[in-house]
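Single-letter residue listing:
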Amino acid sequence: MKKALIVFTFVLTTFYAKAQKADQFNSWWYYSGKYRVTEKVNIETLYSWSRHNFIKEWQQSKLRLGGSYDYLKNISFGAGYEWGVLFPYGAHPVPEKRTEHRIYEYFTIKNKIKTVSVSYGMLLEQRIMDAKTRQRLRLIFSVKIPIIRSKEGDTKLGVSLSNQVFLDIDKYANNKNFSQNRIYGAFDTPLNNAFTLSLGYMNQYIIINATRIENDHTLMVKLAHKVDFRKNSK
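Residues numbered from 1 in each chain as written. Predicted model: local features only at pLDDT ≥ 70, side-chain atom pairs only at ≥ 80, totals over all residues. Heavy atoms only, no water.

Looking at the sheet that holds strand S11 (residues 212–228)
Then comes step 1: Around the barrel, eleven strands lie side by side as S1-S2-S3-S4-S5-S6-S7-S8-S9-S10-S11; this closed barrel has mixed pairing. If you compare each strand with its neighbour and ignore which way they point, the axes differ by 20 degrees on average.
Then comes step 2: When strand S3 (residues 57–72) meets strand S4 (residues 75–86), the two strands line up antiparallel, connected through twelve bridges. Bridged to Ser61 within S4 is Val85. (Pairing = 2+ DSSP bridges. Helix = DSSP H or I, 4+ residues; strand = E, 2+ residues; numbered from the N terminus. Axes fitted to C-alpha atoms, helices over the stretch in contact; angles between N-to-C directions.)

Okay, structure coming up:
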């Protein structure tokens, strides 16, 4: 028993020594927009200003434009384009600053259990780089829970929880599909009928390769904007 424990400890120590895990601290600042133009069609926008070492250094910049179609009340499909710039940062930096052009497609299924909103879906990305194009799949699960509500039933303060699993599904993955996991939690408060402010935390666990792992602790600040242009046209 003692020998087995020594062997197990040695193997575990060797594994963690081989995989250099870097705990890092970042902040992501989001603006997202959703604009309803017809009964079923929406325009969606996003800008993400991501910083490393809290706000001192660049991590990445993302700008997204897309659209979605509400096939049913609880089922939506969407697609769009994302322009991203990735910067060298932290203990395991990319070799140099690079630009990615991303095409994405997704679907979302929503459900409601009393006052709790639940959604799950998939997002497929084509990441177009200078030398190659990579394929990545995101599996997404999220929950929204109201904490404080008005007499009319409107949420004054809520909690958002989500998890995203990232899978590389192209030939470059070499049968090592799992690449990243993001666990997120935030408090949401509506500022008015159009804007909602969210403040939260995300743990971003990234497997770069067999010897390099990132464990990023990230402050998340998000401003979400929603407008129904159908109301303005009446």
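There's more to say after this.
Brief notes about the pairing of strand S8 (residues 155–168)
Then comes step 1: By the bridge criterion, 13 bridges tie strand S7 (residues 133–149) to S8 in an arrangement that is antiparallel. The partner of Leu139 across the bridge, within S8, is Val165.
Then comes step 2: When S8 meets strand S9 (residues 178–190), the two strands line up antiparallel, connected through ten bridges. If you follow Ser160 over to S9, its bridge partner there is Ala186.

Concerning the pairing of S7
Then comes step 1: When strand S6 (residues 116–128) meets S7, the two strands line up antiparallel, connected through twelve bridges. Looking across to S7, one finds that Tyr120 is bridged to Phe141.
Then comes step 2: Counted along the chain from S6 to the antiparallel partner S7, the turn is four residues long.
Then comes step 3: Following S7, the chain reverses through five residues before pairing antiparallel with S8; Gly153 in that reversal takes a positive phi of roughly 100 degrees.

Focus: the side chain of Gln24
Then comes step 1: Locating Gln24 in the fold gives a position in strand S1 (residues 20–36).
Then comes step 2: Judged by relative accessible area, Gln24 falls into the buried class, the value being 6%.
Then comes step 3: Here the side chain of Gln24 touches Ala91 through a polar contact of 2.7 Å, landing on its backbone nitrogen.
Then comes step 4: Here the side chain of Gln24 touches Glu214 through a polar contact of 3.5 Å, side chain to side chain.
Then comes step 5: Residue contacts for Gln24: discarding those within four places in its chain leaves His52, Tyr89, Gly90, Ala91, His92, Glu214, Asn215, Asp216 and His217. (Buried < 20%, exposed > 50% of the residue type's maximum accessible area, 1.4 Å probe, protein only. Polar contact = N/O pair within 3.5 Å; in protein donor to acceptor, adjacent residues only side chain to side chain. Contact = heavy atoms within 4.5 Å.)

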